[in-house]
Structure formats: C-alpha cells, structure tokens
Amino acid sequence: MRIQLAQRSEADELLGRSPLALLVGMLLDQQIPMEWAFTGPYTISERLGHDLTAAEIASYDPDAFTALLAEKPAVHRYPKSMAARVQQLASYLVEHYDGRPESLWADAADGKELLKRLMDLPGYGKQKAQIFLALLGKQLEVQPPGWREAAGHYGEDGSHRSVADVVDADSLAQVRAFKQEAKRAAK
C-alpha cells in the first residue's frame, strides 16, 4: 500500500520509503493540518538536499536547524519548538536505535512492547503512539501479536479516526468528519 498522508506524491513517496520521515511527520502532526505536518519531512529533506538521517538531524546546529524549519514556507506554525522536538527525536533514535527508526518495530515481541517503545519517544504521548502503531499495522503491515489491542480504538478495522486510516482523499474526508463530530459531541 502506498502512503498518502501528505496528499502530495513526492512527499508521500518519502514517507513510504523513510521510517524517519514517517516518525517526524507524526511528531509534527499537531496544531496544523495533517497534510502540512506530513509534508514537513519532505520540505526538510529538500532544504537539506537529501533524505533525512537521524544522525545528521541530531548533530545539526540547533539555531541553524530552527532557521531551516522557519524558512518560508515554514515546516510548522511553531518552527522553533518543533525543530527542538525533531532534534530530540533524532537524538533518541541515535542513542537507542543506532539511528535506525525501523528498529523500533523490527523485533517488537508484541503490540504492548511496540506501544511502550513508541511512548518512550520524545514528543510521543500515548495517543500519538497508539495512532502511529495503528498506522504501522494498517498501512505498513507491521503487525506484532496484539497490535490492534495496543493501538486501542485506532486499531479497529474499518474505522476512520486518525491518520492511520487515511489512504486517499475520500478516507481523509471521512477522518475529518469523524474528528469534527467528536469535537461537537465533546461540547
């Protein structure tokens, strides 16, 4: 299955081939439209001139990395704080997974272990970790035993709750409608 979260072919292609780009896109997915967040890794890689690596991002001068993200069009509405978060994520991946984000899920014994690993990532709380776990299971066939249960409602088959369920423009509209209804119900 082809990733279609950015709704831009070149950005989605990067997300499909780069686990780091996918993790960074998920990290950026807050307080901005989903497509903007998941286009962020592509924008960063274009400005760097090559695909992202955790080692390079972790060792990048923080002020220069902030400037890179703030350059117009900005990667996020809060480029300074998000640049710091992206660098924290990259540093964690270098320290704990030798800079290879796919190692997070490659040998996870079960969904609970994978969820814990994701929750340990800087910038990933339980909800973001569950959504990413559901994305891995539903779209990338990373399905350790118990992954659906560990992903909670986001792992439900046929749901349209989150980015894990976005596979085209129609499913994106369904996810947006679900979120709008959830906001209305919460009021």
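Residues numbered from 1 in each chain as written. Predicted model: local features only at pLDDT ≥ 70, side-chain atom pairs only at ≥ 80, totals over all residues. Heavy atoms only, no water.

Participant: How would you explain the overall build of the protein if you had to name every residue and give the values?
Facilitator: Each helix and strand in the protein was counted, giving 11 helices and 0 strands. Its helices and strands in sequence order give the protein the pattern α-α-α-α-α-α-α-α-α-α-α, from N to C terminus. Scaling as 2.2 N^0.38, a compact globule of 187 residues should have a C-alpha radius of gyration of about 16 Å, and the protein matches this with 16 Å. In terms of its C-alpha atoms, the protein occupies a principal-axis envelope of roughly 40 × 35 × 30 Å. (Helix = DSSP H or I, 4+ residues; strand = E, 2+ residues; numbered from the N terminus. Rg over C-alpha atoms; globule rule 2.2 N^0.38 Å.)

Participant: Describe the environment of Phe38, with residues and values.
Facilitator: Following the sequence through the fold, Phe38 ends up in helix α3 (residues 34-48). Once the C-alpha coordinates of Phe38 and Ala58 are considered, the two residues, 20 residues apart in sequence, prove to be 20 Å apart.

Participant: If you had to explain the packing of helix α1 (residues 9-17) against α3 to someone new, which residues and values would you point to?
Facilitator: Close contact between α1 and α3 brings their axes to 8 Å; oriented N to C, the two are set at 90°. Considered as vectors, α1 and α3 are oriented roughly perpendicular to each other. The segment α1 lies against α3, with Glu10, Ala11, Leu14 and Leu15 engaging Phe38, Thr39, Pro41, Tyr42 and Ser45. A class-by-class count of the residues in the contact of α1 with α3 yields 6 nonpolar, 2 polar and 1 charged. (Axes fitted to C-alpha atoms, helices over the stretch in contact; angles between N-to-C directions. Parallel < 35°, antiparallel > 145°, perpendicular 65-115°, else oblique. Contact = heavy atoms within 4.5 Å. Nonpolar A, V, L, I, M, F, W, Y, C, P; charged D, E, K, R; others polar.)

Participant: If you had to explain the nonpolar core to someone new, which residues and values would you point to?
Facilitator: General note: in soluble globular proteins, nonpolar side chains tend to be found buried as a group. Grouped together as the largest cluster of nonpolar side chains are 61 residues, with contacts concentrated most on Leu5, Leu23, Phe38, Leu93, Leu118, Leu121 and Phe132. When near neighbours in sequence (up to four residues on either side) are disregarded, Leu23 contacts Leu89, Leu93, Pro101, Leu104, Leu118, Leu121, Tyr124 and Phe132. (Core = buried A, V, L, I, M, F, W, Y, C linked by side-chain atoms within 4.5 Å. Buried < 20%, exposed > 50% of the residue type's maximum accessible area, 1.4 Å probe, protein only.)

Participant: An account of helix α9 (residues 126-139) is requested, with residue identities and associated values reported.
Facilitator: In this model, α9 (14 residues) spans 20 Å end to end at C-alpha, consistent with the 20 Å of a helix rising 1.5 Å per residue. Every buried residue of α9 is accounted for by Lys128, Ala129, Gln130, Ile131, Phe132, Leu133, Ala134, Leu135, Leu136, Gly137, Lys138 and Gln139. Within two residues after α9, Glu141 carries a phi angle of roughly 60°, on the positive side. (Expected span 1.5 Å × (residues − 1).)

Participant: Which residues make up unusual backbone geometry, and what values do they have?
Facilitator: In the segment running from Lys72 into Pro73, the intervening peptide bond is cis, with an omega of -10°. Relative to the helices and strands, Pro73 is located in the loop between α5 (62-70) and α6 (79-97). Residue Glu141 is not a glycine yet carries a positive backbone phi of 60°. By secondary structure assignment, the location of Glu141 is in the loop between α9 and α10 (147-150).

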